[in-house]
2 protein chains.
Amino acid sequence: MSLLVVGSVGLDTVETPHGKVEEVLGGAATYFSCAAALFGPVRLVGVVGTDFPSEHRDFLARRGVDLSGLVVAPGKTFRWSGRYEPDMNERRTLSIELNVFGEVEPQIPREFFSGENASPFLFLANGSPRLHLRVLDRVERPGFVVADTMDHWLESDREGVLAVLSRIDGIVLNDAEARVLAGEHNLIRAARWILRQGPSVAIVKKGEHGSLLVTEGEIVPMPSYPVENVVDPTGAGDSFAGGLMGYLAANGSPGPESLRRALVYGTVIASFNIEAFSLDRLREIERRDVEERVERFRRLLSF
Amino acid sequence: MSLLVVGSVGLDTVETPHGKVEEVLGGAATYFSCAAALFGPVRLVGVVGTDFPSEHRDFLARRGVDLSGLVVAPGKTFRWSGRYEPDMNERRTLSIELNVFGEVEPQIPREFFSGENASPFLFLANGSPRLHLRVLDRVERPGFVVADTMDHWLESDREGVLAVLSRIDGIVLNDAEARVLAGEHNLIRAARWILRQGPSVAIVKKGEHGSLLVTEGEIVPMPSYPVENVVDPTGAGDSFAGGLMGYLAANGSPGPESLRRALVYGTVIASFNIEAFSLDRLREIERRDVEERVERFRRLLSF
């Protein structure tokens, strides 16, 4: 079953203790769709400027990402620049230029959400709650909608975040965000508070410490897959979400077992992603690399 | 096979967002031995003052802890007082009174380490590196020695810590300590650095985020068992180590599979421990409660 993602596609400048890259392929929807495409068809809805290099389009298309919803608007592509401190958990955003991503509303082709070829799985990558709500207004309710959020929106538009929560099935957010949103330190209790706002699934990302999946019936703690050489954490959360949703979309219903397995796939794909700058590692890997690492992870966690 | 622990037995005053308890049973060796006793015989070597309540002795003895190595010295028992901030990961030590624990060297009964009833498993609970070295000098080399350490010693006696490392099989320490000791942010690389100093097993405790077991051949990431209501984290690390070593001692050799399973038992016992103040939860549970939770944990981590 196909998967639709709405979010940013951009050019990143990133500095980590391992080096610096400039104006490389980035953006939440890019990482997400590239990870999800390992499992099946993905449709990317977003906006880039006329300066967006055609090689990036070609790469995404080769990966199997449907780009018919990627609008090219007059102007410059979204740009982000950041630096990671030596401990790699601390990220400093140095600059954000929304450019066309802030000016032009993404347009969702009708066939993506309506009719027999509609995508039953939808991911709202990090973006403003207002954009998420407009997408939700437009899309005929698909089977399973998951959204990401970000501290920025929790502070600037809490109302909007809560309105989104009331209309989605799952939320993916990081630990600090979950704590702020729920006003609760214990992550399980924070996730339960979030579930009371609407979604049936809350997934809390904890960076190097893995993630926590909370539903009404289950609390699944998932460690991260051990990576010795973390080169660039950018996109870890988005590739995690992409692996998770890609697996779910490919395997149908989001029941407890599927969700647990999807969590593992997300975890493993994120572990590849952080081994190189930009999407360089995701470019190289195939589904069988993922399966091999999932198998190794299973052995590590069996007792 | 029996297990010997050398370390502190004391009286704690603890404040958490859930309340405050005064002069309750505490001490690293106490938590450790109470946890380990769920699996088999434990011998506790330590020193208390004449003010140590006999009810605590009785409780430990009933739990199956051999107290013939617990010296009662003239003077006061070791006391520790601390407070946890709302996020429960932040602990402030308010006061430490070493009392007899700082004045009287623990005496290890000869039969504990020599002859056919010697304990093949030894745990050196948090204490000065000098004490650990004197114990290692005295004990005829048992099968498997694991030590704990603490930031205080890394700063005040790094030489001593390195000398201990060169003479033990395993080390248990928390993430911040591993990073300081190795001068390395990535925990896997920090653990590998530690292994190069001597031990064949390094176990990094990450509080609510679980632990990481690193040997030459394997890196096992273990999440914590999800606990919604953390009442008092005191003794989490020591009960974790007690469960781990108790399981290993009861099951013989510390091979890769035993170690993984021991890690799970440690994790589960720590999850009970933090559900109440002092050793109150460890007082209540039986081996079957532990097995039930291990089984639930196995289901959560199966995919």
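Not measured: the values here are computed from a predicted model.

Student: Can you walk me through the relation of the copies chain B and chain A in this structure?
Tutor: Turning one copy of the chain about an axis and sliding it along that axis gives the other copy, so a rotation and a shift relate them. The transformation that overlays chain B on chain A combines an axial shift of 0.0 Å with a rotation of 180 degrees, and the residual RMSD is 0.0 Å. What the rotation and shift describe, once combined, is the action of a two-fold rotation axis. Ranked by how close their C-alpha atoms come to the rotation axis, the residues of chain B are headed by Pro223(B), at 2.6 Å. Same-surface contact between copies: 100% of interface residues of chain B are shared with the interface of chain A.

Student: How should the packing of aromatic side chains be read in this particular structure?
Tutor: Residue and element names in this part refer to chain A. Under the criterion given, the structure shown has 16 aromatic pairs over all chains. Note on phenylalanine 78 and phenylalanine 101: the rings are 5.5 Å apart at their centroids and 55 degrees apart in plane angle, and the pair reads as tilted. One end of the pair, phenylalanine 78, is in strand 6 (residues 78–84); the other, phenylalanine 101, is in helix 3 (residues 100–103), and 23 residues separate them in sequence. An identical accessibility class is assigned to phenylalanine 78 and phenylalanine 101; each is buried. Counting every residue linked through ring pairs, the aromatic cluster contains Phe39, Tyr247 and Tyr265. Its guanidinium or amino end placed over the ring of phenylalanine 59, arginine 283 lies 4.1 Å from that ring's centre, counting from NZ or CZ.

Student: Explanation requested: the layout of surface pockets in the structure shown.
Tutor: Over the atoms rolls a probe the size of a water molecule, and its path tells where empty space is left. Considered as a void within the structure, the second largest pocket measures approximately 150 Å³ in volume. Forming the walls of the second largest pocket are 13 residues, and the residues nearest its centre are Ile219(A), Tyr225(B), Pro226(B), Arg296(B) and Leu300(B). Of all the elements in the fold, those that place two or more residues in the lining of the second largest pocket are helix 9 (187–196) of chain A together with helix 13 (287–300) of chain B. The dominant element in the lining of the second largest pocket, judged by the number of residues it contributes, is helix 13 of chain B, at three residues. The residue inventory of the lining of the second largest pocket, partitioned by class, reads six nonpolar, one polar and six charged.

Student: How should the interface of chain B and chain A be read in this particular structure?
Tutor: A common measure of how large an interface is: the accessible area buried when the components associate. Across the contact, 35 residues belong to chain B and 35 residues belong to chain A. Remark: the boundary between chain B and chain A carries four salt bridges. With a closest N to O distance of 2.5 Å, Arg192(A) and Glu228(B) form a salt bridge. Between chain B and chain A we count 18 residue pairs in polar contact (both at pLDDT 80 or more) in total. Within the residue set of the side of chain B that touches chain A, elements represented by two or more residues are helix 9 (187–196), strand 13 (219–222), helix 11 (256–273) and helix 13 of chain B. Considering every element that reaches the side of chain B that touches chain A, the biggest residue donor is helix 13 of chain B, with five residues. Taken together, the residues of the side of chain B that touches chain A break down into 17 nonpolar, six polar and 12 charged.

Student: Explanation requested: the sheet that holds strand 10 (residues 170–174) of chain B in the structure shown.
Tutor: Note: strands within a sheet are paired through backbone hydrogen bonds, in either parallel or antiparallel orientation. Residues and elements named next belong to chain B. If you walk across this open sheet you meet the nine strands as 5-4-1-8-9-10-11-12-13, and the pairing is mixed. The outermost strands of the open sheet, each flanked by one partner alone, are strand 5 (65–73) and strand 13. The average undirected angle you get between the axes of adjacent strands in this sheet is 15 degrees. Summarising the sheet, strand 9 (residues 144–148) and strand 10 pair through three bridges and their orientation is parallel. Opposite valine 146, over in strand 10, you have glycine 170 as the bridge partner.

Calculation notes
- Residues numbered from 1 in each chain as written.
- Chains lettered and ligands numbered in written order.
- Predicted model: local features only at pLDDT ≥ 70, side-chain atom pairs only at ≥ 80, totals over all residues.
- Heavy atoms only, no water.
- Least-squares fit on C-alpha atoms with pLDDT ≥ 70 in both.
- Contact = heavy atoms within 4.5 Å.
- Phe/Tyr/Trp six-rings, centres within 6.5 Å; stacked < 30°, edge-to-face > 60°.
- Helix = DSSP H or I, 4+ residues; strand = E, 2+ residues; numbered from the N terminus.
- Buried < 20%, exposed > 50% of the residue type's maximum accessible area, 1.4 Å probe, protein only.
- Lys NZ or Arg CZ within 6 Å of the ring centre and 35° of its normal.
- 1 Å grid on protein atoms, 1.4 Å probe; cavity = no way out; pocket = protein on both sides within 12 Å on 5 of 7 lines; lining within 4 Å.
- Points joined across faces, edges and corners; volume = space filled by probe spheres on them.
- Nonpolar A, V, L, I, M, F, W, Y, C, P; charged D, E, K, R; others polar.
- Salt bridge = Lys/Arg side-chain N within 4 Å of Asp/Glu carboxyl O.
- Polar contact = N/O pair within 3.5 Å; in protein donor to acceptor, adjacent residues only side chain to side chain.
- Pairing = 2+ DSSP bridges.
- Axes fitted to C-alpha atoms, helices over the stretch in contact; angles between N-to-C directions.

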